[in-house]
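Notes for the structure review
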Amino acid sequence: MSSAEELILYQIKKEPVFWNFIRIFQESQKEKPPREKIRALCYETLHKLIELTASHGLEGNLWHTYLTYLIVNHENAYSIACEIRGQVEGSINAFALHDFTILKELFDVDLGRASEKLNIPLLKEIKDYERAASGGKVFNTRIRDRILGLSVKLKEAASPEEFQQAVTEFYKDFGVGMLGLHKAFRILHKNAGPQIEPITNIAHVHLDDLVGYEIAKAKLIENTEAFVKGKKANNCLLYGDAGTGKSTSIKAIMNQYYHQGLRMIEVYKHQFQDLNFLIAQLKNRNYRFIIYMDDLSFEEFEIEYKYLKAVIEGGLEKKPDNILIYATSNRRHLVREKFSDKEEQEDDLHRNDTVQEKLSLVGRFGVTIYYGAPTPAEFKEIVVSLAEKAGIVMPKEQLLAQANQWELSHGGLSGRTAQQFIDHLLGRD
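First, a word on what this report is: a plain description of the structure on this page. Numbers given for residues are sequential positions, taken from 1 along each chain in its written order. Per-residue local features are limited, in this predicted model, to residues with pLDDT of at least 70; the limit for side-chain atom pairs, both in listing and counting, is 80 or more; totals at the level of whole chains, interfaces and linings are taken over all residues. Calculated side-chain values reflect all of the structure's heavy atoms, with hydrogen atoms and water omitted.

Some details on the overall build of the protein
Going by this rule: Only DSSP runs of H or I reaching four residues or more are called helices, and only runs of E reaching two or more are called strands; each is numbered from the N terminus. Type-normalised accessible area, obtained with a 1.4 Å probe on protein chains alone, sets the label of each residue: buried when under 20%, exposed when over 50%, and partly exposed for intermediate values. The contact criterion used throughout is that any non-hydrogen atoms of two residues lie within 4.5 Å. Only four residue types enter the tally: Lys and Arg on the positive side, Asp and Glu on the negative side, with His and both chain ends excluded. Note on charges: their place is set at NZ of Lys, CZ of Arg, CG of Asp or CD of Glu.
Looking only at helices and strands, the protein has 17 helices and seven strands in total. Its C-alpha atoms put the protein at 90 × 60 × 40 Å along the principal axes. When each of the 429 residues of the protein is scored for burial, the buried share is 49%. A sequence separation of at least 24 residues applies to 77% of the contacts in the protein between residues at least 6 apart. Positive and negative side-chain charges in the protein, numbering 55 and 60 respectively, have mean positions lying 3 Å apart.

Some words on the sheet that holds strand β5 (residues 288-293)
Applicable threshold: Here the rule is simple: two strands pair whenever DSSP picks up at least two bridges between them. Note on definitions: angles span 0 to 180 degrees between N-to-C directions of axes, and those axes are lines fitted to C-alpha atoms, for helices only across the stretch in contact.
A sheet is described by the order of its strands in space; here seven strands give the open sequence β2-β1-β4-β5-β6-β3-β7, paired in mixed fashion. Strands with a single pairing partner mark the edges of an open sheet, and in this sheet they are β2 (193-199) and β7 (367-371). Across the sheet, the axes of successive neighbouring strands diverge by a mean angle of 25°, strand direction being ignored. Across seven bridges, the pairing between strand β1 (residues 184-190) and β2 is antiparallel. Counterpart to Lys190 in the pairing with β2 is Gly193.

Notes on the packing of aromatic side chains
Threshold: Whether two aromatic rings pair depends on their centres lying within 6.5 Å, for rings of Phe, Tyr and Trp, where Trp uses its six-membered ring; planes under 30 degrees apart make the pair stacked, over 60 edge-to-face, and the rest tilted. We count a charge as sitting over a ring when the NZ of a lysine or the CZ of an arginine lies within 6 Å of the ring centre and within 35 degrees of the ring normal.
The final tally for this structure, using the stated rule, is 14 aromatic pairs. For the pair Phe107 and Phe163, a centre-to-centre distance of 5.5 Å together with 75° between the ring planes defines the contact as edge-to-face. Of the two residues, Phe107 sits in helix α5 (residues 92-107) while Phe163 sits in helix α8 (residues 160-174), which places them 56 residues apart along the sequence. With respect to burial, Phe107 and Phe163 carry one shared label: buried. Where Tyr287 meets Phe289, the ring centres are 6.1 Å apart and the plane angle is 80°; that geometry is what we call edge-to-face. Here the aromatic cluster, defined as three or more aromatic residues joined through ring pairs, consists of Tyr10, Tyr78, Phe100, Phe107 and Phe163. The ring centre of Tyr258 lies 5.0 Å from the NZ or CZ of Arg142, which sits over that ring.

Here's the deal with helix α11 (residues 246-257)
Threshold: Given the number of residues in a helix, its expected span is that number minus one, multiplied by 1.5 Å.
For α11, which comprises 12 residues, the first-to-last C-alpha distance of 17 Å matches the rise-based estimate of 16 Å (1.5 Å per residue) to within 8%. Of all 12 residues that make up α11, nine are buried, and the element is covered over most of its length. What α11 keeps buried is the set Lys246, Ser247, Ser249, Ile250, Ala252, Ile253, Met254, Asn255 and Tyr257.

Observations concerning the pattern of salt bridges
Which entries qualify depends on this criterion: Salt bridge, as used here: a side-chain nitrogen of Lys or Arg that lies within 4 Å of a carboxyl oxygen of Asp or Glu.
Here the structure, examined in full by the defined rule, presents 10 salt bridges. Here Lys104 and Asp108 are joined by a salt bridge, their closest N and O atoms 2.7 Å apart. Here the salt bridges share partners, and the residues they tie into one network are Glu75, Glu83 and Arg285.

Examining helix α2 (residues 35-56)
In this model, α2 (22 residues) spans 31 Å end to end at C-alpha, consistent with the 32 Å of a helix rising 1.5 Å per residue. Within α2, burial applies to Ile38, Arg39, Leu41, Cys42, Thr45, Leu46, Leu49, Leu52, Thr53 and His56. Contacts made by the buried residues of α2 are with α1 (16-28), α3 (62-73), α6 (111-118) and α7 (141-156). Positive phi appears at Gly57, one or two residues downstream of α2, with a value of about 70°.

Here's the deal with the nonpolar core
Let me state the cut-off plainly: Here, nonpolar core refers to any group of buried Ala, Val, Leu, Ile, Met, Phe, Trp, Tyr and Cys residues whose side-chain atoms link them within 4.5 Å.
Counting 87 residues, the largest nonpolar core has Phe18 and Trp63 as the members making the most contacts within it. For this core, the leading source of residues is α3, giving eight residues. With near-sequence residues (within four places) excluded, Phe18 lies in contact with Ala4, Leu7, Ile12, Trp63, Tyr66, Leu67, Leu70 and Leu106. Residues Phe227, Val228, Leu238 and Tyr257 belong to the second largest nonpolar core, which totals 26 residues.

Coordinates in, geometry out; function isn't part of it.
Following this line, the structure appears as C-alpha cells:
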C-alpha cells in the first residue's frame, strides 16, 4: 500500500480519523501486529467515525463514505479547476492521477482482513453500516445521497483512471467543498473573524409557486440567465408592497439555477462592512454568486448604505464578474425620505447633495422590478391556486368567502396573506 504521506494535491491535514485509520491498516499488515497497542486507537477512531457519520447522515461502507466525504470537500488546485467546468488540460492531471492512485488503494483496503488480523471484530462492522432513521443535520438529504452515490462509483472503479473520472465528473456536476455542495450561505462572526457558513434548511420554492407577477418573474429570469451563462447582467432590486413574493422569487431563482452553478449568500445590513471580505473569498471560484439582501432599507441616521455603494460601484477594485447583488425592499428609493430633507437648512449648505447621495443608491441597481399588491380578482386567483396545490377540497364560493374574511383582519390583499389563509385551513383539518 502506497504511503498517504505521498499525497500531493489531496494532502489531508487535521483529520485524525484518516491518519488513525492509516496507522491501523499499516499495523494490520505486519506479520505480528501489536494488537493490544492498537486496540485503544481503533476504538477511539471508531467512536469519532460513528459520530461524524451520525451528524452527516452517512451509511454503507463507512470507510468508503468517509474517504468520499474528504475528497468532495477538499479544495485544491485540481478540484477547484474542475468545479463546474469538468476535465481540465495540463500537467496537473498527472499529479491528480498520482493522488487518485493512492486514494484508490486506500479504498481497496480489506476491512475484514484487518479486523481479523487485529482481533477487533467491530472494525468489519463498518463495512455495511445502517444509519439511524433521523439522518443527519450537517447535510440535507440531497447532498448526502450524492456523496453516497459517488462512494459506490469509486468502489466500483476498476482503475485509478476510472476513479479520477468519477471524481472529476462529480466536481463538474456538483462542485467541490462547502461552496459546491450547498446552495445558500450566511456570514457568521467567530473568534477568527467573519466566516461563510452554509444554510442547510432551504425552502424548496419554485417560480411556479408564485401565482401571477409574470412580467416581474420574466425580468428576473432574463437577468439571472444572462448571469449564469457568463453574459453581462445587472444588480437587481425587487421593490413593492409587503407580502407580494419578492423574497420568494429570489429563493426560487436560487433553486432553479443551482445546477448551473448559481449560489446565494445572505447578507444583513449590519454586515456590509464584511462585503470586501466576502468578495475576496468568492471572486476566484467558478460559481456565480448572488449576494442577497432581504428587506433592505435605511433610516436617515444610518450610514451602512455607503459601504454598499462603494462595493457596487465606485471602489478602486472592480466588482468581480461572478458576483451580483439582489435586494428586496418595500421602499422604492431604499432610504426613507422626509420633508425636511427637501427643505433648505442653514446648518447644511449642501443638504440637497446629501439627499441625492442617499437616493442615488437605487441607481446602482441596473434592474428594478416592481411587485404590487394584487387586485381583489388576482387575490382570489392566488387563493384558488394555492388551495389546489395544497389539496384542499372546498366549494369555491365558500373558499373565497372565507378568504375574504381572513384578509380583512390579517393584513389585506397579498400573496403572503393568501398563503397564511391556506395554512390556517390546513391546520384546522
